[in-house]
Amino acid sequence: MKISLSQFMAFTARTTTAAKMKQVLKIKNNDYTFAGDYWMGLRNRLHQVLQGKMTFTQLEQYANSVEEDRGKRKNYISSTSKLKAFFNHQEFTYFDAPKSQWIPKDQSIIIKTSPEFGLEMNDVKYLIKVFYRVKKKDEQLTKRNIGSSLVLMDNSHYSSRPVGSIPAILNLQTNKLVTINDIKKSSHEILNGDIAMFKALWEVV
């Protein structure tokens, strides 16, 4: 089976077994298309902003112009506001992030873990993934389940990982950047449990 880091994060963020089962079924039956990628428009334009090819004002204008589909305009506006609030307080240099994937020894699953972009801040290079998802009643992204995903990123095979680079996840639900250095050592055991549960649910849904 092959899944993305975003899909794995959505799975670990689910707070009940029933919700996790529902998420696994959604992933299993998912036929990804560019046209159906809810956040692609915002992700692509954020890259342009971070590279200095576009301003946050222009990004806000774009967010206000998207079609009102499944609350898309409202969610784009909200996420753009959070992104602007976070990055306006940072000094950074953009760099392209390398491709990466995580495969366990038994090769039973492949998780595409490529960061969305790299940023150098305060002489430290961060490999960043943004968690864009709209908050749901049965979903909560905490340091516990973020930790599981960060361990994945840190132990992935990279096409070319910058020396000393640090995996990080920008959680737009809290507007905080959580890095591999912020999580507990127990996250490795939690990852093993999350992977085992995902594979077990995959077999029964």
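Residues numbered from 1 in each chain as written. Predicted model: local features only at pLDDT ≥ 70, side-chain atom pairs only at ≥ 80, totals over all residues. Heavy atoms only, no water.

Chemist: What should I look at first to understand the overall build of the protein in this one?
Modeler: A count of helical and extended segments in the protein gives 7 helices and 9 strands. Here the C-alpha atoms of the protein give a radius of gyration of 17 Å, agreeing with the 17 Å that 2.2 N^0.38 yields for 205 residues. Its C-alpha atoms give the protein principal-axis dimensions of about 45 × 40 × 25 Å. Among the 205 residues that make up the protein, the fraction classed as buried is 46%. For the protein, contacts bridging at least 24 residues in sequence account for 70% of all contacts bridging at least 6. Summed over its atoms, the accessible surface of the protein is roughly 11000 Å², and 49% of this surface lies on carbon and sulfur atoms. (Helix = DSSP H or I, 4+ residues; strand = E, 2+ residues; numbered from the N terminus. Rg over C-alpha atoms; globule rule 2.2 N^0.38 Å. Buried < 20%, exposed > 50% of the residue type's maximum accessible area, 1.4 Å probe, protein only. Contact = heavy atoms within 4.5 Å. Areas by Shrake-Rupley, 256 points an atom, 1.4 Å probe, with all protein chains shown as cover.)

Chemist: Is there a simple way to think about the sheet that holds strand S2 (residues 93-95) in this case?
Modeler: Through backbone hydrogen bonds, the strands of a sheet pair up, either in parallel or in antiparallel fashion. Taken together, the 5 strands give an open sheet; going across it, the order is S2-S5-S6-S8-S9, and neighbouring strands pair in mixed fashion. In this open sheet, the two strands that pair with only one neighbour each are S2 and strand S9 (176-179). Each adjacent strand pair in this sheet contributes to an overall mean axis angle of 35°, direction not counted. Helix-sheet contacts for helix H5 (residues 72-87) involve strand S5 (117-121), strand S8 (166-171) and S9, and the interaxial angle to S8 is about 135°. Seen against the sheet, helix H6 (residues 143-154) touches strand S6 (124-131), S8 and S9 and runs at an angle of roughly 145° to S8. (Pairing = 2+ DSSP bridges. Axes fitted to C-alpha atoms, helices over the stretch in contact; angles between N-to-C directions.)

Chemist: Help me out: how do you make sense of the pattern of salt bridges in this one?
Modeler: Summed over all chains, the structure comprises 7 salt bridges. Among the salt bridges present, the one from Glu60 reaches Lys84, with a minimum N-O distance of 3.3 Å. Remark: Lys84 occurs in helix H5 and Glu60 occurs in helix H4 (residues 56-65); sequence separation between them is 24 residues. Take Lys84: its relative accessible area is 26%, and that puts it in the partly exposed class. (Salt bridge = Lys/Arg side-chain N within 4 Å of Asp/Glu carboxyl O.)

Chemist: Is there a simple way to think about unusual backbone geometry in this case?
Modeler: For residues that are not glycine, phi is negative in most cases, and the peptide bond is trans in most cases. Its identity is not glycine, yet Asn122 carries a phi of approximately 55°, on the positive side. When you line up the elements, Asn122 lands in the loop between S5 and S6. We classify Asn122 as exposed; its relative accessible area is 72%. Backbone geometry places Asp123, a non-glycine residue, at a positive phi of 65°. For Asp123, the location among the structural elements is in the loop between S5 and S6. A residue is classified by how much of its surface remains accessible, and Asp123, at 71% relative accessible area, is exposed.

Chemist: Whenever I open this one, the side chain of Ser165 confuses me. Can you help?
Modeler: With respect to the helices and strands, Ser165 occurs in the loop between strand S7 (157-158) and S8. Of note is the side chain of Ser165, whose polar atom sits 2.8 Å from the backbone oxygen of Pro162. Discounting chain neighbours no more than four positions away, the residues touching Ser165 are Lys125 and Leu127. (Polar contact = N/O pair within 3.5 Å; in protein donor to acceptor, adjacent residues only side chain to side chain.)

Chemist: Help me out: how do you make sense of the packing of H6 against helix H7 (residues 187-204) in this one?
Modeler: Packed helices, taken two at a time, are described by their axes: the angle between them and the distance between them. At a minimum axis separation of 8 Å, H6 and H7 run at an interaxial angle of 90°. With respect to each other, H6 and H7 are oriented roughly perpendicular. Along the contact surface, H6 presents Arg144, Gly147, Ser148, Val151 and Leu152, while H7 presents Ser187, His188, Ile190, Leu191 and Asp194. Grouping the amino acids of the contact of H6 with H7 by side-chain chemistry returns 4 nonpolar, 4 polar and 2 charged. (Parallel < 35°, antiparallel > 145°, perpendicular 65-115°, else oblique. Nonpolar A, V, L, I, M, F, W, Y, C, P; charged D, E, K, R; others polar.)

Chemist: Explain the sheet that holds S7 here, please?
Modeler: In space, the 4 strands of this open sheet follow the order S1-S4-S3-S7, with mixed pairing throughout. Edge strands, defined here as strands with exactly one partner in the open sheet, are strand S1 (2-4) and S7. Here strand S3 (residues 100-102) pairs with S7 via 2 bridges, running antiparallel. Bridge pairing in S7 links Ser100 to Tyr158.

Chemist: When you look at H5 in this model, what are you seeing that I'm missing?
Modeler: Side chains three or four residues apart in an α-helix point the same way, a direct result of the helix having 3.6 residues per turn. Taking 1.5 Å per residue as the helical rise, H5 with its 16 residues ought to reach 22 Å, and the 22 Å between its terminal C-alpha atoms agrees with that figure. Listed as buried for H5 are Lys72, Asn75, Tyr76, Ser79, Thr80, Leu83, Phe86 and Phe87. Each buried residue of H5 sits inside an arc of 130° when the element is viewed along its axis, so together they form one side. Looking at the buried residues of H5, the elements they touch are helix H3 (40-50), H4, S5, S8 and S9. (Expected span 1.5 Å × (residues − 1). Arc of directions from axis to C-beta.)

Chemist: Looking at this structure, how should I read the nonpolar core?
Modeler: Soluble globular proteins tend to bury their nonpolar side chains together. Residues Leu83, Phe87 and Phe117 are the most contacted members of the largest nonpolar core, which totals 58 residues. Residues in contact with Leu83, not counting those within four places in the same chain, are Leu42, Leu46, Phe56, Tyr132, Leu170, Leu172 and Asn175. (Core = buried A, V, L, I, M, F, W, Y, C linked by side-chain atoms within 4.5 Å.)

That is the geometry; function is a separate question.
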